[in-house]
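Residues per chain are reported as follows:
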Amino acid sequence: MSVKIRSVVAREILASDGSPTVECRATLDNGIIGTASVPYGVSAGAHEACMLLDGNRNRYNGKGMQKACANVNSQIAKKLAGQPVENFSKIDQLMITLDGTPNKKRLGGNAILSVSLAVARAAAASKKLPLYTWIRKTFGLKYPSWSLPKPMMVVIEGGKHADDSTDMQEFLFSVHGAPSIAEAVRWGEESYQSLKRVLKTQGLNTNVGNEGAYAPSGLSSNESPLALMVEAITKAGFRPGRDISISLDPAASEFYDKHSHTYILKREGKGLTSAQMVGLYQEWIRKYPILTLEDGLAEDDWDGWAHLYKAIGGSVRVIGDDLTVTNVLRVKKAIQKKAINAVLIKLNQIGTLSETIDTVRLGQQHGFWQVVSHRGGGETNDPFLVDVAVAVNAEYIKVGPARGERVAKYNRLMAIEQELSARPHA
Ligand code: 2PG
Ligand code: MG
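In this text the structure is predicted, and so the values were computed from the model without any measurement. (Residues numbered from 1 in each chain as written. Chains lettered and ligands numbered in written order. Predicted model: local features only at pLDDT ≥ 70, side-chain atom pairs only at ≥ 80, totals over all residues. Heavy atoms only, no water.)

**Description of the domain arrangement of the protein chain**
By a widely used convention, the size of an interface equals the accessible area lost when the partners come together. Counted only if it meets this: Where each domain begins and ends is defined by an automated method or by a domain database. When a carboxyl oxygen of Asp or Glu lies within 4 Å of a side-chain nitrogen of Lys or Arg, that pair is called a salt bridge. A run of H or I in DSSP becomes a helix once it reaches four residues, and a run of E becomes a strand once it reaches two; helices and strands are each numbered from the N terminus. Under the scheme applied here, ten amino acids are nonpolar (Ala, Val, Leu, Ile, Met, Phe, Trp, Tyr, Cys and Pro), four are charged (Asp, Glu, Lys and Arg), and all others, including Gly, are polar.
Here the protein chain is described as being made up of domain 1 (5–128) and domain 2 (150–422). For domain 1 versus domain 2, the separation of C-alpha centres amounts to 27 Å. Taken together, domain 1 and domain 2 are joined by three salt bridges. The partner of glutamate 48 in a salt bridge is arginine 375, with the nearest N and O atoms 3.1 Å apart. Those elements giving two or more residues to the side of domain 1 that touches domain 2 turn out to be strand S3 (33–37), helix H2 (88–99) and helix H3 (109–126). With seven residues, the top contributor of residues to the side of domain 1 that touches domain 2 is H3. Counted by class, the side of domain 1 that touches domain 2 contains 16 nonpolar, 11 polar and five charged residues.

Now the structure itself:
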């Protein structure tokens, strides 16, 4: 007998920056309940699914999400009541069709995703399966075994995520040499703490930005974090490049000037062309143990990306984030342009679980790494992204390293590791 959706109810909750976001509770006709919430980004890409905001300046500076909640509680609730949860893709498809726009701007990507995730969680609970197992089964994903995602931790942040820090948004530790995930998390966190001591020794402050990473003011250049990070890894007792490497997410769309077609690096007082940016990254890759480069160029600088990939794709993973926005159409274009060999995955960039899995599948068919990511601005304590990353054997999760809403993800990942070691054939 199939299990059907009885109701979906959305409400505003607060995200990590103190502005509202959407939480949905899905109830099935067997009484099982699933709850999930959606995050949002501060440096969101222009091609992401629409986050529907109320726009009422008298409430949360226009950032309320009552309209998105109302769309769930009226139109979506009506459409989904009585739908069997076994056919999960149909549920997402019904919402996509009901919305009827290419970027979900009528009902809101935030409204639709909250329902997609809450129903998924209820469906998994109803089958008495861990969420990650349910996702793997439901989408017919076949892998020889479980291979857990490793931690990619933001340790210095700037750009839109902090004031008076680097122009580039994120400098990260990617931990790949550890014997287990719990150990990898420890190595990453100890290196993050070690970086604090290194910064203090240099007379730099250790205030943190949106994602719990240090955001020291007064850094002399965008390159300066790299040497500090290598020192921190070494002083923590690990081998740079062997145990822990460096990842970069400049989020270059944020400092690209469309009029002059240059990338404005205020720290250096310079404007660089796309080709000069590629040259800069090549130089850094020669000097530091860099594993991945995400959004090294702006989201529509396609020719620049092709050039970038040609120059460095043989030695590092070139990740699309704002470029590809977890969207099959954008990933297809990136494949055709030979622009990337890795994809950042953010559920709210596309707005349903099914479409997220489609994007992962396409990337994996091309041998691309999958990095499932938190959002910089408004995260919640919901660790849903971790279950997705586990279900698809993603190479990394980009999260953290500190603040409750971030460590919730690592705590979930470590719990899954324990669970799977107890029953590896789950
Ligand atoms: C990014 C993210 C997450 P935001 O660019 O990868 O770190 O930032 O959520 O602000 O877009
Ligand atoms: Mg990014």
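**Things to note about the coordination of the magnesium ion (ligand 2)**
Cut-off, in case you're wondering: Each metal's donors are the N, O and S atoms within 2.8 Å of it, or within 3.2 Å when it is Na, K or Ca, and because water is not part of the set, sites may look incomplete. Relative accessibility under 20% of the residue-type maximum defines a buried residue, over 50% an exposed one, and the middle range a partly exposed one, all with a 1.4 Å probe and only protein chains included.
Within the first shell, the magnesium ion (ligand 2) binds the protein through Asp249 (OD), Glu294 (OE) and Asp321 (OD), at distances of 2.1 to 2.2 Å. Spacing between the donor residues of the magnesium ion (ligand 2) along the chain follows D-x44-E-x26-D. Taken together, the positions of aspartate 249 in strand S6 (residues 244–249) and glutamate 294 in strand S10 (residues 290–294) put the pair 45 residues apart, joining distant regions of the chain. Just as aspartate 249 is buried, glutamate 294 falls in that class too.

**Section: helix H13 (residues 404–422)**
For clarity, the threshold we go by: Expected helix span is taken as 1.5 Å per residue step, with the number of steps being one fewer than the number of residues.
Look at H13: 27 Å from first C-alpha to last across 19 residues, which is about the 27 Å you get at 1.5 Å a residue. Those residues of H13 lying buried are Glu405, Arg406, Ala408, Lys409, Tyr410, Leu413, Ile416, Glu417 and Leu420.

**Quick notes on the site of ligand 1**
Selection rule: Residues are classed as near a molecule or strand on a simple rule: at least one heavy atom within 4 Å of it. Any pair of N or O atoms that falls within 3.5 Å is considered a polar contact. Within protein, one atom must be able to donate a hydrogen and the other to accept it, and sequence-neighbouring residues count only if both atoms are side-chain atoms. Only the protein chains shown count as cover for residues, with accessible areas throughout obtained via the Shrake-Rupley method and a probe of 1.4 Å.
Close contacts around ligand 1 come from 17 residues, with His161, Glu170, Glu211, Gly376 and Lys398 the closest. Contacts to ligand 1 include valine 42, whose backbone N or O atom sits 2.9 Å from an oxygen atom. Histidine 161 is positioned such that a nitrogen or oxygen atom in its side chain is 2.7 Å from an oxygen atom of ligand 1. Notes on ligand 1: free accessible area 310 Å², of which the protein chains cover 100%.

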